[in-house]
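Each chain, letter by letter, is given below.
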Amino acid sequence: MAQDLLYKHFTPYVLKAGEEFMNNDQLDHFRGILEALKQQLMEDIERTVNTMKDEATVFADPNDRASQETDIAIELRNRDRERKLVKKIEETISRIDSGDYGFCAACGVEIGIKRLEARPTATLCIDCKTLEEVREKQIAK
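No experiment lies behind these values; they were computed from the predicted model shown.

1. Here we look at the pattern of salt bridges
Then, in step 1: With the rule as written, the count across this model stands at nine salt bridges.
Then, in step 2: With a closest N to O distance of 2.6 Å, Arg31 and Asp97 form a salt bridge. Of this pair, Arg31 sits in helix α2 (residues 24-54) while Asp97 sits in helix α3 (residues 62-98); the two residues are 66 residues apart in sequence, bridging distant segments of the chain.
Then, in step 3: Residue classification places Asp97 among the exposed residues on the basis of a relative accessible area of 55%.
Then, in step 4: With a closest N to O distance of 3.4 Å, Glu91 and Lys87 form a salt bridge. Pair noted here: Glu91 and Lys87 are both in helix α3, with a separation of four residues, about one helical turn.
Then, in step 5: Here the salt bridges share partners, and the residues they tie into one network are Glu75, Arg79 and Glu82.

2. Remarks on the UniProt feature "binding site: Zn(2+)" (unreviewed entry) in the chain
Then, in step 1: Feature annotation in UniProt places "binding site: Zn(2+)" (unreviewed entry) on Cys104, Cys107, Cys125 and Cys128, given in this structure's numbering. Judged by maximum C-alpha separation, these annotated positions cover 25 residues in sequence but sit close together in space, the widest gap being only 8.2 Å.
Then, in step 2: Looking at where Cys107 falls in the secondary structure, it is placed in the loop between α3 and α4 (113-118).
Then, in step 3: Ignoring sequence-local partners within four residues, the contact set of Cys107 consists of Cys125 and Cys128.
Then, in step 4: Position of Cys125 relative to the elements: it lies in the loop between α4 and α5 (126-140).
Then, in step 5: The exposure class of Cys125 is buried, given its relative accessible area of 5%.
Then, in step 6: Residues in contact with Cys125, not counting those within four places in the same chain, are Cys104, Cys107, Val109, Glu110, Ile111 and Arg115.

3. Here's the deal with the packing of aromatic side chains
Then, in step 1: Within this structure, the stated rule accounts for two aromatic pairs.
Then, in step 2: An angle of 80° between the planes, with centres 5.3 Å apart, marks the rings of Phe21 and Phe103 as edge-to-face. Linking Phe21 in the loop between α1 (2-7) and α2 with Phe103 in the loop between α3 and α4, this pair joins segments that are 82 residues apart in sequence.
Then, in step 3: Centre to centre, the rings of Phe30 and Tyr101 are 5.6 Å apart; their planes meet at 55°, and the pair counts as tilted. Of this pair, Phe30 sits in helix α2 while Tyr101 is found in the loop between α3 and α4, placing the two residues 71 residues apart along the sequence.

4. Remarks on the UniProt feature "zinc finger region: dksA C4-type" (unreviewed entry) in the chain
Then, in step 1: Per the UniProt record, "zinc finger region: dksA C4-type" (unreviewed entry) is annotated on residues 104-128.
Then, in step 2: Within the segment residues 104-128, helix and strand shares are 36% and 0% respectively, and the terminal C-alpha atoms sit 8 Å apart.

Cut-offs and rules
Residues numbered from 1 in each chain as written. Predicted model: local features only at pLDDT ≥ 70, side-chain atom pairs only at ≥ 80, totals over all residues. Heavy atoms only, no water. Salt bridge = Lys/Arg side-chain N within 4 Å of Asp/Glu carboxyl O. Helix = DSSP H or I, 4+ residues; strand = E, 2+ residues; numbered from the N terminus. Buried < 20%, exposed > 50% of the residue type's maximum accessible area, 1.4 Å probe, protein only. UniProt positions renumbered as here; feature names shortened; annotations may be inferred. Contact = heavy atoms within 4.5 Å. Phe/Tyr/Trp six-rings, centres within 6.5 Å; stacked < 30°, edge-to-face > 60°.

Next comes the structure, spelled out in structure tokens:
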């Protein structure tokens, strides 16, 4: 996935002693990560559209046609997930612009640089996310 490719190409942020959380350098660092990821996803989506147009072959054999339809369905599902991620990235960039980025939406505590580098679109600190996952498991039972 594009997200995996991105993380191999950015340099982790190095905290300086006494540095304020989510200062301009940190915000610029995360904005760069998010914009690069968004660009990568948009290129993947565009490439898929072009590939699907080029490979629009109608097979006479029902098995070949079914295989092609399955491949297309899987590809479209992946692109839909990426489209949703692009929307989430845009919302995250808006949070950077508004000054809310890096703070937990549930409790207001700092999310942490390492967690944000692992998941730049995170809105919850690790404690609140863990609690949310526990609740989801309880409801699912």
